[in-house]
Each structure stands twice: as structure tokens, then as C-alpha cells.
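Results of the structural survey
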Amino acid sequence: MAKVSPFLTFSGKCAEAMELYEKAFKAKVAYKACYGEANKKDFTLTDEAQKDWIYHAQMKIGRQTIMLCDGNEETLSNGTEQRASEVCLCVEFNTEEEVKAAYEIMKEGAVIIEPMSSATYSKSFAYLEDKFGIRWWIMTAQ
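Bear in mind the structure is a predicted one, so any value in this text is a computation, not a measurement. (Residues numbered from 1 in each chain as written. Predicted model: local features only at pLDDT ≥ 70, side-chain atom pairs only at ≥ 80, totals over all residues. Heavy atoms only, no water.)

Some words on a nonpolar patch on the surface
How we decide: Every patch collects residues that have over 30% relative accessible area and no salt bridge, joining them within 9 Å if they carry like charges and within 5 Å if they are nonpolar side chains (Val, Leu, Ile, Met, Phe, Trp, Tyr). Methods summary: accessible areas were calculated by the Shrake-Rupley approach with a probe of 1.4 Å, and residue burial reflects only the protein chains presented. When a carboxyl oxygen of Asp or Glu lies within 4 Å of a side-chain nitrogen of Lys or Arg, that pair is called a salt bridge. Only DSSP runs of H or I with at least four residues qualify as helices, and only runs of E with at least two residues qualify as strands; both kinds are numbered from the N terminus onward. For the exposure calls, accessible area comes from a 1.4 Å probe over protein chains only, and a residue counts as buried if that area is under 20% of its type's maximum, exposed if over 50%, partly exposed in between.
A cluster of nonpolar residues, Val-4, Leu-89, Phe-132 and Ile-134, forms a patch on the protein surface that exposes about 380 Å² of accessible area. With respect to the helices, strands and loops of the structure, Val-4 is situated in strand E1 (residues 3-10). Residue classification places Val-4 among the partly exposed residues on the basis of a relative accessible area of 46%.

Shown next as C-alpha cells:
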């Protein structure tokens, strides 16, 4: 069964936002990696000033997972406009096959921001803006 989580993006302020959410909501960090720690097969840092930016994070607020990261045109949007403090939806599936099936349906008329790939935090993921202008991360939980 799929699970939908909000995916929040920031422009260099993600760590600060995470600290606020920890204090305000007693949120717990489940996973956090900075761009400087990213696996080179996933991402190559070109701007040292962004090495401490959040590459991918997951927090739990009660039973709800939220995902967070820092991004800009270079790090996240693959040439499309990156909107600061953007909210995307993230659908987590149990299998790569489910991710691929959803991607095949969603990609029609969509702007593909990140085509199907894998990363340290997900065996299978894609990032797209659907034909209605909504941005979606489609991924396996790991």
C-alpha cells in the first residue's frame, strides 16, 4: 500500500526549519544527509557553500512522516524553476515495480524534473511536475 507524505523544500534553510519542527512539534529526525555527504553516484557537489545544505531528510511528527531538503535550480530542479519553500507530495511505495507503474501513468503531459533513478535513500524514485502543476516525488521507502 502506498503512503503519501508532504515533501518540503527550502533554499538553504532546511536545517533551521528542522530544528524549529523538533522544538514545536517534538518531531524526530529519522534520516538526514547533507549534500557534502551525498554518494557521488547520486550527486556531485559543485558549490562548496552548499555542502551543509540538506540533501535528503525525513522527520516523524507523531505517526506522520514529512520529507525535507534544500534545493535550487542546480541541486534539485534539473533546469526547471525551483520555488523556495515549496511543498511537494511524496508517494512512497513498497516496490520498484509500483514506482515504475505510477511513473508511467504520471509522466504523460508532465515535466520530468528527475527521471527514474536510484539514490542512497531510495532504490527507485522520480520527481515530476504533473500536467496540473503539482510536483510529486514517487519513490520506494528504501
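And the narrative resumes.
Observations regarding the side chain of Arg-135
Going by this rule: Polar contact is defined as a pair of N or O atoms within 3.5 Å, subject to the rule that within protein one atom must be able to donate a hydrogen and the other to accept it, and that residues adjacent in sequence are counted only when both atoms are side-chain atoms.
Counting through the fold element by element, Arg-135 comes out in strand E8 (residues 135-140). Polar contacts involving the side chain of Arg-135 include one to the side chain of Tyr-127, which spans 3.4 Å.

Some remarks on the environment of Cys-90
The test is simple: Note on contacts: a residue pair qualifies if any of its non-hydrogen atoms lie within 4.5 Å across the two residues.
In this fold, Cys-90 is placed in strand E5 (residues 87-93). Residue Cys-90 is classed as buried on the basis of its relative accessible area, which comes to 0%. Residues Cys-90 and Trp-136, 46 residues apart in the sequence, show an inter-C-alpha distance of 5.6 Å. Look past the residues within four positions of Cys-90 in its chain and what remains in contact with it is Lys-3, Val-4, Ser-5, Phe-7, Met-67, Trp-137 and Met-139.

Describing the packing of aromatic side chains
To keep things clear, this is the line we draw: Side-chain rings of Phe, Tyr and Trp (the six-membered ring for Trp) are treated as a pair once their centres are within 6.5 Å; stacked means planes under 30 degrees apart, edge-to-face means over 60, and tilted covers the remaining angles.
By the definition in use, this model includes 6 aromatic pairs. With a centroid separation of 5.8 Å and an interplanar angle of 70°, the aromatic rings of Tyr-55 and Tyr-121 are classed as edge-to-face. Of this pair, Tyr-55 sits in strand E3 (residues 54-61) while Tyr-121 is found in the loop between strand E6 (111-119) and strand E7 (122-129), placing the two residues 66 residues apart along the sequence. A single burial state applies to Tyr-55 and to Tyr-121, both of which are buried. A centroid spacing of 5.8 Å and a plane angle of 40° characterise the contact between Phe-125 and Trp-137, whose relative ring orientation is tilted.

Overview of the side chain of Ser-124
Following the sequence through the fold, Ser-124 ends up in strand E7. Not counting residues within four places of it along the chain, the set of residues in contact with Ser-124 comprises Glu-96, Val-99, Met-116, Ser-117, Ile-138, Met-139 and Thr-140.

Description of the pattern of salt bridges
With the rule as written, the count across this model stands at 5 salt bridges. Salt-bridge contacts for Asp-52 lead to Lys-51; the nearest nitrogen and oxygen are separated by 3.4 Å. You can call Lys-51 partly exposed: its relative accessible area is 35%.

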